[in-house]
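So the chains spell out like this:
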Amino acid sequence: MKTFDRRIAVAALGAFAMLGTASVPAQAQDYPNRAITMIVPFAAGGPTDVVARLVGENMAKTLGQPIIIENVVGAGGTTGSIRAARAANDGYTVIMGHMGTHAASVSTYPKLAYDPRTDFEPIALINGAAIVILGRKDFPPKDLKEFVAYVKANETKLNQAHAGVGSVSYTTCEMLNGVLGVKPVGVPFQGTGPAMNALVAGQVDYLCDQITNVVPQVQGGTIKAYAVATPERNPSLPDTPTTTEGGLPAYQASAWNALFAPKGTDPAIVAKLNAAAAKALDDEKVIARMKELGNDIPKPAERTPAALGKLVKDEVDKWAKYLKPVG
Ligand code: ASP
């Protein structure tokens, strides 16, 4: 190639590169033009998975593209969260995180490979879910008072299921065990879907789970619900007393799920995802199912990316007071 030709080629390449930069807003404009992956950092059938599928299906209709749920399990949800943090920040990978993966895990893992406060763009808070204290069907205690006495008397012999260090079931049961002053044997699962199966099968003794995973089992009598750890009873479990009614007012716990995108995702794309999530939370069918599952739906002011960013910061600080690093 002659020098002259080469110069033209270089100039053309430069123009192409500029075009590339200039095309970013256009990318946001026609977003999404292909399927979006929503990472669920726990096993299928658990609370995070159920909520992701319910809300994801509705968001897909609004966005005009499929949302594919990918269960990336392990290490209390931090494996999937690392995958999401490192994914391309083009809006085609998002994660349904929760109070564990995007707050509490900062305190349980001293070398956590991401910081939920800085490595993600918050999209929207999706739900609030009360924590319910559960036992296997033939666990001897009949009510919360007996549960407290029994667990204190038998702590070393008892198996308490959870979804991995840093997960909601881990952190909220750590809190319960702290209030009771007990240290049972922790049995980790890849989500509370499988943990619930083990409880139903009588392979573990107790579990602190989000109400999302609980209602049909309690109604069917396959497990025992000792108390719901919120100030009020939950309409979907009307016969289950609160921890205060049961004599353990010091134990109050609830959790949340929320959507996040990798850091640096275009704000216009985040806004589209936020609008689709907010629309899903206003959909009659979604609301009815969320209520059936005992979940709270955040108010519009709580659904903004900024509100979620603040929630994450506050919750990281809150959990730092209760949890110690593990390992
Ligand atoms: N939310 C559960 C937990 O952290 C896990 C799951 O969603 O399966 O305990």
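Bear in mind that the values here come from a model prediction, so they are computed numbers and not experimental data.

Asker: Just checking my understanding: could you explain the nonpolar core for this structure?
Answerer: Within soluble globular proteins, side chains that are nonpolar generally end up buried alongside one another. Phe147, Leu176, Tyr251 and Trp256 are the most contacted members of the largest nonpolar core, which has 43 residues in total. Only α5 (100–108), β4 (120–136), α6 (144–154), α7 (168–180), β7 (206–210), β8 (223–228), β9 (254–262) and α12 (305–322) provide two or more residues apiece to this core. For this core, the element with the highest residue contribution is α7, accounting for 5 residues. The residues contacting Tyr251, other than those within four sequence positions of it, are Ile131, Ile133, Thr172, Cys173, Met175, Leu176, Cys208, Ala229 and Thr243. Listed in part, the 30 residues of the second largest apolar core include Ala28, Met38, Ile67 and Ile69.

Asker: What's the story with the site of the ligand in this structure? I'm lost.
Answerer: Residues in close proximity to the ligand include Phe42, Gly46, Pro47, Thr48, His98, Ala163, Ser167, Val168, Ser169, Gly191, Thr192 and Gln210, which together make up its full environment. Between an oxygen atom of the ligand and a main-chain N or O atom of Val168, the distance comes to 2.8 Å. With respect to the ligand, the backbone of Thr192 contributes an N or O atom lying 2.9 Å from an oxygen atom. Burial of the ligand by the protein amounts to 100% of the accessible area it has alone, namely 270 Å². Broken down by secondary-structure element, the contributors of at least two residues to the shell around the ligand are α3 (47–63) and α7. Classifying every residue of the shell around the ligand gives 4 nonpolar, 8 polar and no charged.

Asker: Can you walk me through the state of the cysteines in this structure?
Answerer: Put plainly, two cysteines are in a disulfide when a covalent bond ties their sulfur atoms together. Within the structure shown, the criterion is met by 1 disulfide. At a sulfur-sulfur separation of 2.0 Å, the disulfide partner of Cys173 is Cys208. Its S-S torsion of about 70 degrees marks the bond between Cys173 and Cys208 as right-handed, since a negative value means left-handed. Of this pair, Cys173 sits in helix α7 while Cys208 sits in strand β7, and the two are 35 residues apart along the sequence.

Asker: In this structure, what is going on with the packing of aromatic side chains? I would like to understand it.
Answerer: How two aromatic rings sit relative to each other is set out by the distance from centre to centre and by the angle between their planes. In this structure the tally under the stated criterion is 8 aromatic pairs. Ring centres of Phe139 and Phe147 lie 6.2 Å apart, and the angle between their planes is 65 degrees; on these two criteria the pair is classed as edge-to-face. Take Phe147: its relative accessible area is 0%, and that puts it in the buried class. Pairwise contacts between aromatic rings join Phe139, Phe147, Tyr150, Tyr206 and Tyr226 into one cluster. Above the plane of the ring of Tyr92 lies Arg34, whose end atom (NZ or CZ) is 3.8 Å from the centre.

Asker: Would you mind going over α6 with me for this structure?
Answerer: Structurally, the α-helix is built with 3.6 residues per turn, so residues lying three or four positions apart point the same way. Those residues of α6 that fall on the buried side of the exposure criterion are Leu144, Phe147, Val148, Val151 and Asn154. Viewed along the axis of α6, the buried residues span an arc of 160 degrees, placing them on a single side of the element. The exposed residues of α6 that point more than 90 degrees off its buried face are Lys145 and Ala153. Looking at the buried residues of α6, the elements they touch are β4, α7, β7 and β8.

Asker: I'm lost on the pairing of strand β3 (residues 93–98) in this one. Help?
Answerer: Each regular strand shows side chains that alternate between the opposite faces of the sheet. With 6 of its 6 residues buried, β3 lies for the most part within the structure. Residues Thr93, Ile95 and Gly97 of β3 are buried on one face, and the alternating residues Val94, Met96 and His98, pointing to the opposite face, are buried as well. In terms of strand pairing, strand β1 (residues 36–40) meets β3 through 3 bridges, oriented parallel. Of the residues in β3, the one forming a bridge with Met38 is Val94.

Analysis parameters
Residues numbered from 1 in each chain as written. Predicted model: local features only at pLDDT ≥ 70, side-chain atom pairs only at ≥ 80, totals over all residues. Heavy atoms only, no water. Core = buried A, V, L, I, M, F, W, Y, C linked by side-chain atoms within 4.5 Å. Buried < 20%, exposed > 50% of the residue type's maximum accessible area, 1.4 Å probe, protein only. Helix = DSSP H or I, 4+ residues; strand = E, 2+ residues; numbered from the N terminus. Contact = heavy atoms within 4.5 Å. Near = heavy atom within 4 Å. Polar contact = N/O pair within 3.5 Å; in protein donor to acceptor, adjacent residues only side chain to side chain. Areas by Shrake-Rupley, 256 points an atom, 1.4 Å probe, with all protein chains shown as cover. Nonpolar A, V, L, I, M, F, W, Y, C, P; charged D, E, K, R; others polar. Disulfide = S-S within 2.5 Å. Phe/Tyr/Trp six-rings, centres within 6.5 Å; stacked < 30°, edge-to-face > 60°. Lys NZ or Arg CZ within 6 Å of the ring centre and 35° of its normal. Arc of directions from axis to C-beta. Pairing = 2+ DSSP bridges.

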